Amino acid sequence: MKYKILNSPALPDMPWQEQPSGAGVIPVWRYTENPVIGRNPVSGVARIFNSAVVPFEGKFIGVFRGEQTNGIPFIYFGRSDDGLHWNFDEEKIRFTDGDGREFMPPYAYDPRLVKIGDTYYAIWCQDAFGAAIGMASTRDFRTWTRLENPFLPFNRNAVMFPRKIGGKYVLLSRPSDSGHTPFGDIYLSESPDLTYWGRHRHVMGKSGRWWESVKIGAGAAPIETSEGWLLFYHGVTGTCNGFVYSIGAAILDIDRPSIVKYRCGTFLLTPETWYEERGFVPNVCFPCATLHDAATGRIAIYYGAADSYVAVAFTTLDQMIDYIRENDAAGAEEHEEGRR
Ligand code: BMA
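Heads up: these notes are all about the structure in this document. Note that the structure is a prediction, hence the values are computed from the model and not measured.

Here 4 strands make up an open sheet; going across it, the order is β11-β12-β13-β14 and the pairing antiparallel. Looking at which strands have only one partner, the edges of the open sheet turn out to be β11 (155-160) and β14 (198-204). Strand-to-strand twist across the sheet, computed as the mean angle between neighbouring axes with direction ignored, equals 30 degrees. As paired strands, β11 and strand β12 (residues 169-175) are joined by 4 bridges and run antiparallel to one another. Looking across to β12, one finds that asparagine 155 is bridged to proline 175.

In the vicinity of the ligand, the residues found are Asn50, Arg65, Asp110, Tyr245, Val281, Val284, Phe286 and Asp307. Side-chain polar atom of asparagine 50 to an oxygen atom of the ligand: 2.9 Å apart, as the coordinates give it. The protein chains hide 85% of the 310 Å² of surface that the ligand would expose on its own. The residue inventory of the shell around the ligand, partitioned by class, reads 4 nonpolar, 1 polar and 3 charged.

What follows deals with the sheet that holds strand β1 (residues 29-30). In space, the 4 strands of this open sheet follow the order β1-β22-β21-β20, with antiparallel pairing throughout. The outermost strands of the open sheet, each flanked by one partner alone, are β1 and β20 (285-292). The pairing of β1 with strand β22 (residues 309-316) spans 2 bridges and is classified as antiparallel. Across the sheet, arginine 30 pairs through a bridge with alanine 313, a residue of β22. Where helix α2 (residues 317-326) meets the sheet, its contacts fall on β1, β21 (298-305) and β22, and the angle it forms with β22 comes to roughly 85 degrees.

What follows deals with the packing of aromatic side chains. Summed over all chains, the structure comprises 22 aromatic pairs. Judged by centre distance (6.2 Å) and plane angle (75 degrees), the ring pair of phenylalanine 56 and tyrosine 120 falls under edge-to-face. Of this pair, phenylalanine 56 sits in strand β2 (residues 45-56) while tyrosine 120 sits in strand β8 (residues 119-127), and the two are 64 residues apart along the sequence. The class of tyrosine 120 is buried, set by a relative accessible area of 5%. Judged by centre distance (5.9 Å) and plane angle (10 degrees), the rings of tyrosine 107 and tyrosine 109 are stacked. Residue tyrosine 107 is classed as partly exposed on the basis of its relative accessible area, which comes to 21%. Of the residues examined, tyrosine 109 reaches a relative accessible area of 15% and is grouped as buried. In this structure, arginine 47 packs its charged tip against the face of phenylalanine 280, placed 3.7 Å from the ring centre. It is lysine 92 that lies over the ring of phenylalanine 74; its NZ or CZ is 5.0 Å from the centre.

Calculation criteria
Residues numbered from 1 in each chain as written. Predicted model: local features only at pLDDT ≥ 70, side-chain atom pairs only at ≥ 80, totals over all residues. Heavy atoms only, no water. Pairing = 2+ DSSP bridges. Helix = DSSP H or I, 4+ residues; strand = E, 2+ residues; numbered from the N terminus. Axes fitted to C-alpha atoms, helices over the stretch in contact; angles between N-to-C directions. Near = heavy atom within 4 Å. Polar contact = N/O pair within 3.5 Å; in protein donor to acceptor, adjacent residues only side chain to side chain. Areas by Shrake-Rupley, 256 points an atom, 1.4 Å probe, with all protein chains shown as cover. Nonpolar A, V, L, I, M, F, W, Y, C, P; charged D, E, K, R; others polar. Contact = heavy atoms within 4.5 Å. Phe/Tyr/Trp six-rings, centres within 6.5 Å; stacked < 30°, edge-to-face > 60°. Buried < 20%, exposed > 50% of the residue type's maximum accessible area, 1.4 Å probe, protein only. Lys NZ or Arg CZ within 6 Å of the ring centre and 35° of its normal.

Dropping the structure here:
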């Protein structure tokens, strides 16, 4: 391998398919059995999408956006032996406050999940007198304790780094408005204690490139590599029939991650299969997690498709980093720290 995945274990049993021959130039290929989670996956849940998975004791677990049959999204817990076939708890995750009392938000969606030390942190969007970010931690997946909400409304898209950087927890987010937000850049904030967040920095904005010309938002928890933090994100364009969500990628500086080293000028994946183009919200590919194997550099990207399904696509670290570097479109502003 030319590049290395750092601070992450080997994952020999993660989902994987070899790149099909005759594929296009973009080194990302879809799992042939997509979608991996179909409609009505649990009683009372119409659709699961935009969800995050992590390895756990030789198997896999995840937090899943379940759109209930009353239309309200909540977060569900799931387990899988192979990362592809999932069993979900029938009850949504019960969040508690610091004293063990139930403390549920009015709704919760687009969860991400990271493990830092021996603690797992879920982060999602919820109501807090306006759409804002919610967080909880757990060590056993039975008790989930809410943390303080990191930001004021409106902010609907947040992703934590999988380790502290310079002794601080680090989070990417996208400040927004109360509607469908026709703008949006990725910002970075840090915290010494997961309660107080500050030292906000601009990481990168929408671009003149059409596939990400309306807004962007962090997707999967960044992967630590020998070239920097590999970030898969979503980029949105506007059409006469609404937004189209594609998957893009960038590499952030390892010690100062508000500095973008490389930013891929092309999308990596854009809606083109039936499960991406057709659904509750057509034309959405929304990445929320990866599984990656430090031994081989294999990467599986988990993404929500058309706000209706969960799908998986594959790449390898070497192919991905070379592709991002060859198609680098980062400008002077991205190379800055993002402080004004
Ligand atoms: C965004 C979020 C995502 C959703 C996307 C497309 O604003 O709400 O959950 O997948 O819109 O509908």
